[in-house]
Amino acid sequence: MQAVFQVGSTSRDLWDFKTPGIPDELFERADKVPITKEEVRAVQISKARLRPGYTIYDVGCGSGSISVEAGLQAESGRVIAIDRDDNAISLTRKNVEKFGLTNVSLVHGDALKCIKELDMADAIFVGGTGGDTAGIVRLCQDKLRPGRRIVIGTILIETLHAVLQELKELQFDSVDITQVTVSKSKKTSTGTMMLARNPVTIISATRV
(Lines give C-alpha, C1' and ligand atoms only; values in the text may rest on other atoms or scores of the structure.)
Protein backbone atom coordinates (compact mmCIF):
# COMPACT_ATOMS: atom_id res chain seq x y z
CA MET A 1 0.00 0.00 0.00
CA GLN A 2 1.53 3.31 -1.01
CA ALA A 3 0.95 6.80 0.32
CA VAL A 4 1.59 9.94 -1.73
CA PHE A 5 2.31 13.34 -0.21
CA GLN A 6 2.77 16.68 -1.98
CA VAL A 7 5.29 18.87 -0.21
CA GLY A 8 7.02 22.18 -0.61
CA SER A 9 7.26 25.83 0.42
CA THR A 10 8.20 29.01 -1.41
CA SER A 11 11.72 30.12 -0.44
CA ARG A 12 14.87 28.99 -2.27
CA ASP A 13 17.22 31.24 -0.35
CA LEU A 14 19.22 28.28 0.97
CA TRP A 15 20.65 27.31 -2.45
CA ASP A 16 20.09 29.90 -5.16
CA PHE A 17 22.51 28.41 -7.72
CA LYS A 18 22.20 26.33 -10.88
CA THR A 19 25.29 24.23 -10.20
CA PRO A 20 24.73 20.83 -8.51
CA GLY A 21 26.69 19.63 -5.52
CA ILE A 22 24.88 21.22 -2.59
CA PRO A 23 27.10 20.88 0.52
CA ASP A 24 26.10 17.90 2.64
CA GLU A 25 25.90 20.01 5.80
CA LEU A 26 22.97 21.99 4.37
CA PHE A 27 20.76 18.89 4.42
CA GLU A 28 18.88 17.60 7.44
CA ARG A 29 20.32 14.24 8.46
CA ALA A 30 19.18 11.24 10.47
CA ASP A 31 20.82 8.08 11.78
CA LYS A 32 20.53 5.05 9.48
CA VAL A 33 19.13 7.11 6.58
CA PRO A 34 21.74 7.28 3.80
CA ILE A 35 22.66 10.40 1.86
CA THR A 36 24.33 10.57 -1.55
CA LYS A 37 27.40 12.69 -0.87
CA GLU A 38 27.75 16.00 -2.70
CA GLU A 39 30.56 15.09 -5.12
CA VAL A 40 28.92 11.80 -6.10
CA ARG A 41 25.57 13.57 -6.39
CA ALA A 42 27.02 16.17 -8.75
CA VAL A 43 28.28 13.42 -11.07
CA GLN A 44 24.96 11.58 -10.98
CA ILE A 45 23.01 14.74 -11.80
CA SER A 46 25.32 15.46 -14.75
CA LYS A 47 24.93 11.90 -16.10
CA ALA A 48 21.13 12.25 -16.15
CA ARG A 49 21.28 15.26 -18.53
CA LEU A 50 18.28 16.97 -16.99
CA ARG A 51 16.18 19.69 -18.57
CA PRO A 52 13.42 21.98 -17.24
CA GLY A 53 10.04 20.31 -17.47
CA TYR A 54 11.32 16.76 -17.00
CA THR A 55 9.50 14.15 -14.93
CA ILE A 56 12.08 12.45 -12.73
CA TYR A 57 12.03 9.43 -10.41
CA ASP A 58 14.32 9.21 -7.39
CA VAL A 59 14.05 5.55 -6.41
CA GLY A 60 15.34 4.90 -2.90
CA CYS A 61 15.42 8.60 -2.08
CA GLY A 62 16.99 8.23 1.38
CA SER A 63 17.70 11.71 2.71
CA GLY A 64 16.29 13.30 -0.42
CA SER A 65 19.49 14.97 -1.61
CA ILE A 66 19.06 13.74 -5.20
CA SER A 67 15.39 14.77 -5.14
CA VAL A 68 16.33 18.28 -4.06
CA GLU A 69 19.08 18.63 -6.67
CA ALA A 70 16.86 17.23 -9.43
CA GLY A 71 13.96 19.44 -8.37
CA LEU A 72 16.14 22.52 -8.69
CA GLN A 73 17.36 21.44 -12.14
CA ALA A 74 13.94 20.44 -13.49
CA GLU A 75 12.26 23.72 -12.46
CA SER A 76 8.87 23.47 -14.21
CA GLY A 77 9.08 19.67 -14.16
CA ARG A 78 8.56 17.37 -11.20
CA VAL A 79 10.36 14.81 -9.10
CA ILE A 80 8.77 11.67 -7.66
CA ALA A 81 10.75 10.51 -4.64
CA ILE A 82 10.16 6.87 -3.67
CA ASP A 83 11.19 4.99 -0.54
CA ARG A 84 9.72 2.23 1.58
CA ASP A 85 11.33 3.48 4.79
CA ASP A 86 9.25 5.80 6.99
CA ASN A 87 12.31 7.66 8.23
CA ALA A 88 13.56 8.28 4.68
CA ILE A 89 10.22 9.69 3.56
CA SER A 90 10.05 11.93 6.63
CA LEU A 91 13.60 13.17 6.12
CA THR A 92 13.13 13.77 2.41
CA ARG A 93 10.02 15.81 3.20
CA LYS A 94 12.01 17.95 5.65
CA ASN A 95 14.76 18.59 3.09
CA VAL A 96 12.35 19.37 0.26
CA GLU A 97 10.59 21.90 2.49
CA LYS A 98 13.91 23.28 3.73
CA PHE A 99 15.01 24.04 0.16
CA GLY A 100 11.63 25.53 -0.74
CA LEU A 101 10.69 23.14 -3.52
CA THR A 102 7.11 22.73 -4.67
CA ASN A 103 7.72 20.24 -7.49
CA VAL A 104 8.58 17.13 -5.45
CA SER A 105 6.06 14.41 -4.56
CA LEU A 106 6.77 11.64 -2.06
CA VAL A 107 5.68 8.05 -2.59
CA HIS A 108 5.92 5.81 0.48
CA GLY A 109 6.01 2.22 -0.67
CA ASP A 110 7.88 -0.62 -2.35
CA ALA A 111 9.36 0.65 -5.63
CA LEU A 112 8.75 -2.72 -7.30
CA LYS A 113 5.02 -2.12 -6.80
CA CYS A 114 4.84 1.67 -7.03
CA ILE A 115 6.72 2.24 -10.29
CA LYS A 116 4.06 0.52 -12.37
CA GLU A 117 1.52 3.14 -11.32
CA LEU A 118 3.62 6.23 -12.09
CA ASP A 119 3.57 8.51 -15.13
CA MET A 120 6.28 8.16 -17.78
CA ALA A 121 9.69 9.53 -16.78
CA ASP A 122 12.34 11.58 -18.56
CA ALA A 123 15.08 10.62 -16.09
CA ILE A 124 15.36 7.98 -13.39
CA PHE A 125 17.80 7.81 -10.48
CA VAL A 126 18.13 4.48 -8.68
CA GLY A 127 19.90 4.55 -5.32
CA GLY A 128 19.65 2.49 -2.17
CA THR A 129 16.99 -0.09 -2.93
CA GLY A 130 17.85 -2.54 -0.18
CA GLY A 131 17.47 -5.47 -2.53
CA ASP A 132 16.58 -6.08 -6.16
CA THR A 133 18.22 -3.15 -7.97
CA ALA A 134 18.31 -5.06 -11.26
CA GLY A 135 14.59 -5.80 -10.94
CA ILE A 136 13.87 -2.10 -10.47
CA VAL A 137 15.94 -1.29 -13.56
CA ARG A 138 13.87 -3.85 -15.49
CA LEU A 139 10.63 -2.13 -14.42
CA CYS A 140 12.02 1.28 -15.35
CA GLN A 141 12.53 0.12 -18.94
CA ASP A 142 8.80 0.55 -19.63
CA LYS A 143 8.50 3.82 -17.70
CA LEU A 144 11.42 5.71 -19.25
CA ARG A 145 10.81 7.64 -22.46
CA PRO A 146 13.02 6.70 -25.44
CA GLY A 147 16.20 8.72 -25.60
CA ARG A 148 16.12 9.48 -21.88
CA ARG A 149 18.60 8.49 -19.17
CA ILE A 150 18.73 6.18 -16.18
CA VAL A 151 21.44 6.62 -13.51
CA ILE A 152 22.20 3.94 -10.93
CA GLY A 153 24.52 4.38 -7.96
CA THR A 154 26.10 1.17 -6.67
CA ILE A 155 28.50 0.19 -3.91
CA LEU A 156 28.52 -3.60 -4.11
CA ILE A 157 30.29 -5.40 -6.96
CA GLU A 158 27.42 -7.90 -7.16
CA THR A 159 24.91 -5.08 -7.72
CA LEU A 160 27.12 -3.57 -10.42
CA HIS A 161 27.31 -6.90 -12.23
CA ALA A 162 23.56 -7.52 -12.02
CA VAL A 163 22.69 -4.02 -13.28
CA LEU A 164 25.08 -4.26 -16.22
CA GLN A 165 23.62 -7.62 -17.22
CA GLU A 166 20.12 -6.17 -17.06
CA LEU A 167 21.03 -3.11 -19.15
CA LYS A 168 22.60 -5.40 -21.75
CA GLU A 169 19.51 -7.60 -21.97
CA LEU A 170 17.24 -4.57 -22.21
CA GLN A 171 19.48 -3.16 -24.98
CA PHE A 172 20.13 0.21 -23.37
CA ASP A 173 22.53 2.43 -25.30
CA SER A 174 25.47 4.68 -24.32
CA VAL A 175 26.19 2.69 -21.17
CA ASP A 176 28.76 4.54 -19.06
CA ILE A 177 30.48 3.28 -15.91
CA THR A 178 32.17 5.86 -13.69
CA GLN A 179 33.73 5.10 -10.33
CA VAL A 180 34.01 8.06 -7.99
CA THR A 181 36.52 7.97 -5.15
CA VAL A 182 36.55 11.10 -3.01
CA SER A 183 38.86 12.25 -0.24
CA LYS A 184 37.81 15.15 1.97
CA SER A 185 40.03 17.43 4.04
CA LYS A 186 39.98 17.38 7.84
CA LYS A 187 41.76 19.77 10.16
CA THR A 188 44.06 18.25 12.76
CA SER A 189 46.15 19.78 15.53
CA THR A 190 49.16 19.96 13.20
CA GLY A 191 47.57 20.71 9.82
CA THR A 192 45.18 19.23 7.28
CA MET A 193 44.81 15.58 6.32
CA MET A 194 42.75 13.87 3.63
CA LEU A 195 40.23 11.18 4.58
CA ALA A 196 39.03 8.77 1.89
CA ARG A 197 35.38 7.84 1.44
CA ASN A 198 34.13 4.56 0.04
CA PRO A 199 34.13 4.47 -3.77
CA VAL A 200 30.77 4.64 -5.55
CA THR A 201 30.24 3.24 -9.05
CA ILE A 202 27.75 5.15 -11.19
CA ILE A 203 26.15 3.44 -14.17
CA SER A 204 24.26 5.59 -16.65
CA ALA A 205 22.54 4.58 -19.88
CA THR A 206 20.05 5.75 -22.50
CA ARG A 207 16.87 3.95 -23.43
CA VAL A 208 16.87 3.26 -27.16
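Structure: see above.
Every chain is numbered independently, its residues counted from 1 as its sequence is written. Side-chain atom pairs in this predicted model are given and counted only at pLDDT of 80 or more, local residue features only at pLDDT of at least 70, and totals for whole chains, interfaces and linings cover all residues. As a rule here, side-chain values come from all non-hydrogen atoms in the structure, and water together with hydrogens is ignored.

## Description of helix α5 (residues 133–140)
Given 3.6 residues per turn, any residue in an α-helix points the same way as the ones three and four places further on.
Next up, step 1: Only protein chains enter the area calculation, which uses a 1.4 Å probe; residues under 20% of their type maximum are buried, those over 50% are exposed, and those in between are partly exposed. Helix and strand labels come from DSSP, where a helix needs a run of H or I of at least four residues and a strand needs a run of E of at least two; each type is numbered from the N terminus. With six of eight residues buried, α5 is to be regarded as a mostly interior element.
Next up, step 2: Among all positions in α5, only Thr133, Ala134, Gly135, Ile136, Val137 and Cys140 are buried.
Next up, step 3: For α5, the elements touching its buried residues are β2 (55–59), α4 (111–114), β5 (121–126), β6 (144–154) and α6 (157–169). The contact criterion used is simple: two residues touch if any of their non-hydrogen atoms lie within 4.5 Å.

## Quick word on the packing of α5 against α6
Next up, step 1: Interaxial distance between α5 and α6 falls to 8 Å at its minimum, and their mutual angle equals 25°. Here α5 lies roughly parallel to α6, going by the angle between them. When you trace α5 past α6, the crossing you get is right-handed. In contact with Thr133, Ala134, Val137 and Arg138 of α5, α6 contributes Thr159, Ala162, Val163, Glu166 and Leu167. Between N-to-C directions, angles cover 0 to 180 degrees, with each direction set by a line fitted to C-alpha atoms, over the stretch in contact for helices. An angle counts as roughly parallel when it lies under 35 degrees, as roughly antiparallel when it exceeds 145, as roughly perpendicular when it falls between 65 and 115, and as oblique in every other case. What makes a crossing left-handed is the near helix being turned counterclockwise from the far one by less than a right angle; a clockwise turn instead makes it right-handed.

## Remarks on the nonpolar core
Next up, step 1: Residues enter a nonpolar core if they are buried and are Ala, Val, Leu, Ile, Met, Phe, Trp, Tyr or Cys, with the set joined through side-chain atoms within 4.5 Å. Core analysis: the largest hydrophobic core is formed by 31 residues, its most contacted members being Leu50, Ile56, Val68 and Phe125.
Next up, step 2: Elements supplying a minimum of two residues to this core: α1 (38–48), α2 (65–74), β3 (78–83), α3 (86–98), β4 (104–108), β5 and β10 (200–206).
Next up, step 3: When residues in this core are grouped by element, the largest group, five residues, is from α2.
Next up, step 4: Within the second largest apolar cluster, 24 residues are counted, among which are Tyr57, Ile80, Ile82 and Ile203.

## Observations regarding the side chain of Asn103
Next up, step 1: Relative to the helices and strands, Asn103 resides in the loop between α3 and β4.
Next up, step 2: Taking relative accessible area as the criterion, Asn103 reaches 8% and is therefore assigned buried.
Next up, step 3: The term polar contact refers here to a pair of N or O atoms within 3.5 Å; inside protein, the definition further demands a hydrogen-donor-capable atom paired with an acceptor-capable atom, and it admits residues adjacent in sequence only when both atoms are side-chain atoms. At 3.1 Å, the side chain of Asn103 and the backbone oxygen of Gly71 are in polar contact.
Next up, step 4: With residues near it in sequence (within four places) discarded, Asn103 still touches Gly71, Glu75, Gly77, Arg78 and Val79.

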